[in-house]
Structure formats: C-alpha cells, structure tokens
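Below, each chain spelled out in residue letters.
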Amino acid sequence: FWYIELPLREEWPESADRLERLAATLDGSADGLPEGLEPAFAADVESLLFLDIETGGFIGNPVFLIGGLDLPTAGPRLRFWLARDLDEEIPLLERFGEEWERYGCLVTYNGKSFDIPILNARYVLQGFSSPFEDLPHLDLLHLTRRIWKARLEQCNLGNIEDKIFGLKRDADEVPGYLIPEYY
C-alpha cells in the first residue's frame, strides 16, 4: 500500500492557518464551549487524529483509503494510507493500527455510525483486534446537529460546508457515492 504524508501548509496554506488557531484553542480551557467537546480538550493536541475512510461500500466491503489529519508542533499534516488493490487492505490495516497507538483521541464526522463500525468489522474480519476499543472519540456530526438542527434541514458535511462556512465544493469533485466505482 502507499503511505503519503503532506504538510498542510504546502498544500492548503489558509487551512493550515485555521488549524493552527484550532490547536491553540484546544490547548486552552474548555470553559464556555458546547457540550460534547470534552474528548478533544482532554487529549494533548498532538494526540488528536481527524479521520475519514473510503470503502467499497458498506460493512463487509474493504477499506481502501484512510485519511487523517493531525496537529504536530511542526504544523498540521495530511496522512493517507491507500490500498492500491484489495490485497493491500491487510497491510494497510496493520500499519494504521500501529500508527494509531500514538493518538489519544479520534475526531470524525459521522464516524461513530460509519467509519469506526466499518473499521472495527474489517479489523475483526482480517484477524486483528480493533485499535479503537475504549478510545475517546469526538464525532462532530452529533455536536453539529445539536447546534444547527433548528436552522438546517440536513446536517451532512456538504450542507454544513455550504450553509455555515460558505465553502463551495469544487464542481469537479467526485460525489461520495461514486468513489467505490472510481476505485
């Protein structure tokens, strides 16, 4: 499989600035912040891993990409574990499981319902124990729903990006439902 690591400052400087401000905030006090953010504040900033996965579909289909973003002192970095073919899922999971040990808190968007159950199932199916047992996990979807559900009909990530942050996805971006087919 391929392991790719990119400094976010070189790839997307404006996002690196925002994430560095986030890291400074997380190093501060959790007083006055919305309920539910405790896992991120309890962990050392460098032990946070923002995670997303891509699979061949739902549970039972292989994980072919794990994407992560972390906040080391040197600056935010993107990390990718990519299985070039289905035979590479086992070494990908093995290496990611080893890497995960350095992190103390997982941050996802809908990860409690999608990413983590799928990863847990794939680890068990491939004969490993899951590295995610009993680890702190902040799923931003739940927090987002509490804050925005009265204002927004849907709290999916694309809608939050558009309606709350004013970010427009690139028209050339592949829709999520087509990713397994493209792979």
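Since the structure is predicted, the reported quantities are computational estimates derived from the model, not experimental observations.

**Considering the side chain of Arg 122**
Topologically, Arg 122 is positioned in helix H5 (residues 111-125). A distance of 2.7 Å separates polar atoms of two side chains, one belonging to Arg 122 and the other to Glu 89. The contact partners of Arg 122, leaving out residues within four places of it in the chain, are Gly 60, Asn 61, Pro 62, Val 63, Glu 89 and Leu 93.

**Some words on the sheet that holds strand S3 (residues 63-70)**
Spatially, S1-S4-S3-S2-S5-S6 is the arrangement adopted by the six strands of the open sheet, whose pairing is mixed. Strands with a single pairing partner mark the edges of an open sheet, and in this sheet they are strand S1 (2-7) and strand S6 (137-139). Each strand axis lies, on average, 20° off the axis of its neighbour in the sheet, ignoring direction. Here S3 pairs with strand S4 (residues 77-82) via six bridges, running antiparallel. Bridge pairing links Leu 65 to Leu 82 in S4. Of the strands in this sheet, S1, strand S2 (48-55), S3, S4 and strand S5 (105-108) touch helix H4 (residues 89-100), which is tilted by about 145° from S4. The strands that helix H6 (residues 140-148) touches are S5 and S6; relative to S6, the one it contacts most, it runs at about 45°.

**What about the pairing of S4?**
Where S1 and S4 come together, six bridges link them in antiparallel fashion. Considered in S4, the bridge of Leu 6 is made with Leu 78. Connecting S3 to the antiparallel partner S4 that follows it, the hairpin turn spans six residues, and Gly 75 within it adopts a positive phi of roughly 125°.

Calculation criteria
- Residues numbered from 1 in each chain as written.
- Predicted model: local features only at pLDDT ≥ 70, side-chain atom pairs only at ≥ 80, totals over all residues.
- Heavy atoms only, no water.
- Helix = DSSP H or I, 4+ residues; strand = E, 2+ residues; numbered from the N terminus.
- Polar contact = N/O pair within 3.5 Å; in protein donor to acceptor, adjacent residues only side chain to side chain.
- Contact = heavy atoms within 4.5 Å.
- Pairing = 2+ DSSP bridges.
- Axes fitted to C-alpha atoms, helices over the stretch in contact; angles between N-to-C directions.

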